[in-house]
Amino acid sequence: MYPLIRPRRLRSSEAIRSLVRETIISPSDFLVPLFVVEGKGIKEEIPSMPNYYRLSLDNLTKEVKELWKMGLHSVLLFVKVPDSLKDNKGSEALNEYGLMQLAIKTVKDACPEILVMTDVALDPYSSYGHDGIVADGQILNDESVEVLAEMSVSHAKAGADFVAPSDMMDGRIISIREALEDEGFLNTGIMAYSAKYASSFYGPFRDALDSAPVDIKNVPKDKKTYQMDYANRFEAIRETQLDIDEGADIVMVKPGLCYLDIVREIKDEVDVPVAVYQVSGEYAMVKAAAEKGWLNHDAVVMEQLTAIKRAGANIIASYFAKDAIRILG
Ligand SMILES: NCC(=O)CCC(=O)O
Ligand SMILES: [Mg+2]
């Protein structure tokens, strides 16, 4: 007797394995997050994100030119705003000459064809480190949405191709869509963070932007009243469907690895592109274990990225994008 079917035949050499491989990572899968700071000549490493940097505008120019040459053609911009410019309403977010608006122009000047997406949320601008306006221990929804809509228009005016609201306020997608249409930005897209979970994997990012919720009386200590409970699954579908109905062009699940079941369910349910954000804590864990010699960095990076794509991601926002290109050779 012999086995009628021997699946191992399709694994017997790298040539046959690559011939039948179902999921391939390529440069066009990536959206590269970039952290921008004020100043000149600044390229400061983020302590909890080894080999990842905050860049001043001059170095941002260099970085996007390098990304473009590597085949990385889409970026997602975040800014680190000095405390002196922060307030409860995130007023600085609407400054036509603010850091985000200048960063958008800088990237487009350096690389006109690159796709520029921008983070839309109050937290980098909020004196309380929240994604919305704080009053009486609450995060105000509708008042925050008004600011997010104005912020989106401001980014569009500066040249953003897509705005990416990461705040999880209810109804912000329709408000942003209407504001963009009213101002004539018919072709400015919206990538909605639709299923964004209240996760402890965002820690290093909050170090990078100094944007964690502050410890002050009457200010919520966490983001659990707007970001999703990680125990929930059906709610993710509902949130995503709502964003699509409100006009989102792309939807997102965040974080990545712990939420790949959600990615697959959403991918099977919806017909718009699905993005996944492999977040800062996921990056930091791999870097730390590799530094200790406990994991093979490159092998683990590719395994994780491939798993994210296999789960259904059409777009991967990842701090490993440049590593991946190097590994792919
Ligand atoms: N809006 C961006 C985040 O909240 C965090 C991303 C990360 O941890 O990489
Ligand atoms: Mg929502």
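The name an unreviewed UniProt entry gives the protein is Delta-aminolevulinic acid dehydratase, with Maribacter confluentis as the organism. Here the protein is described in UniProt, under the heading Sequence similarities (unreviewed entry), as follows: "Belongs to the ALAD family." UniProt annotates the protein under Subunit (unreviewed entry) with the comment "Homooctamer."

(A) Main features of the overall build of the protein. If you tally the helices and strands in the protein, you get eleven helices and twelve strands. Rg of the C-alpha trace for the protein: 20 Å, near the compact-globule value of 20 Å for 329 residues, within the 12% margin. Viewed in the frame of its principal axes, the protein has a C-alpha envelope of about 75 × 45 × 40 Å. Within the protein, the fraction of its 329 residues that count as buried is 53%. Within the structure as shown, the protein displays about 15,400 Å² of accessible surface, and the carbon and sulfur contribution to it stands at 51%.

(B) Broad picture of the site of ligand 1. Around ligand 1, the surrounding shell consists of F78, D119, S166, K196, F201, Y202, F205, K254, Y277, V279, S280 and Y319. A distance of 3.0 Å separates an oxygen atom of ligand 1 from a polar atom in the side chain of K196. S280 places a polar side-chain atom, nitrogen or oxygen, 2.7 Å from an oxygen atom of ligand 1. Contact with the protein chains hides 99% of the accessible area of ligand 1, taken as 290 Å² for the molecule alone. Class assignment of the residues belonging to the shell around ligand 1 gives a composition of seven nonpolar, two polar and three charged.

(C) The environment of Y230, seen in detail. Within the secondary structure, Y230 is located in the loop between helix 6 (203-209) and helix 7 (234-246). A sequence separation of 32 residues divides Y230 from A198, and the C-alpha atoms of the two residues are 6.7 Å apart. Among all residues touching Y230, those that are not within four sequence positions of it are Y197, A198 and Y259.

(D) Seen up close, the nonpolar core. Core analysis: the biggest nonpolar cluster contains 107 residues, and F35, V75, I266 and Y277 have the highest contact counts within it. With eight residues, the single largest contributor to this core is helix 4 (residues 141-158). Beyond its immediate chain neighbours, meaning those up to four positions away, I266 contacts A195, A236, I237, T240, V251, V253 and V274.

(E) The side chain of N59, seen in detail. In this fold, N59 is placed in helix 2 (residues 57-70). Look past the residues within four positions of N59 in its chain and what remains in contact with it is G41, I42 and K43.

(F) Focus on the packing of aromatic side chains. Under the counting rule described, the total for this entry stands at 13 aromatic pairs. Centre to centre, the rings of F35 and F78 are 5.9 Å apart; their planes meet at 45 degrees, and the pair counts as tilted. Separated by 43 residues along the polypeptide, F35 in strand 1 (residues 30-37) and F78 in strand 4 (residues 74-80) bring together distant segments of the chain. Owing to a relative accessible area of 1%, F35 belongs among the buried residues under this scheme. Centroid distance Y193 to Y277: 6.3 Å. Interplanar angle 45 degrees. Geometry classified as tilted. Of the two residues, Y193 is situated in strand 9 (residues 189-196) and Y277 in strand 11 (residues 274-278); the sequence distance between them amounts to 84 residues. Like Y277, Y193 is buried. Members of the aromatic cluster, each reached through a chain of ring pairs, are F35, Y52, F78, Y193, F205, Y277, Y283, Y319 and F320. Cation over ring: K196 sits above Y202, and NZ or CZ is 5.5 Å from the ring centre.

About the criteria used
- Residues numbered from 1 in each chain as written.
- Chains lettered and ligands numbered in written order.
- Predicted model: local features only at pLDDT ≥ 70, side-chain atom pairs only at ≥ 80, totals over all residues.
- Heavy atoms only, no water.
- UniProt positions renumbered as here; feature names shortened; annotations may be inferred.
- Helix = DSSP H or I, 4+ residues; strand = E, 2+ residues; numbered from the N terminus.
- Rg over C-alpha atoms; globule rule 2.2 N^0.38 Å.
- Buried < 20%, exposed > 50% of the residue type's maximum accessible area, 1.4 Å probe, protein only.
- Areas by Shrake-Rupley, 256 points an atom, 1.4 Å probe, with all protein chains shown as cover.
- Near = heavy atom within 4 Å.
- Polar contact = N/O pair within 3.5 Å; in protein donor to acceptor, adjacent residues only side chain to side chain.
- Nonpolar A, V, L, I, M, F, W, Y, C, P; charged D, E, K, R; others polar.
- Contact = heavy atoms within 4.5 Å.
- Core = buried A, V, L, I, M, F, W, Y, C linked by side-chain atoms within 4.5 Å.
- Phe/Tyr/Trp six-rings, centres within 6.5 Å; stacked < 30°, edge-to-face > 60°.
- Lys NZ or Arg CZ within 6 Å of the ring centre and 35° of its normal.

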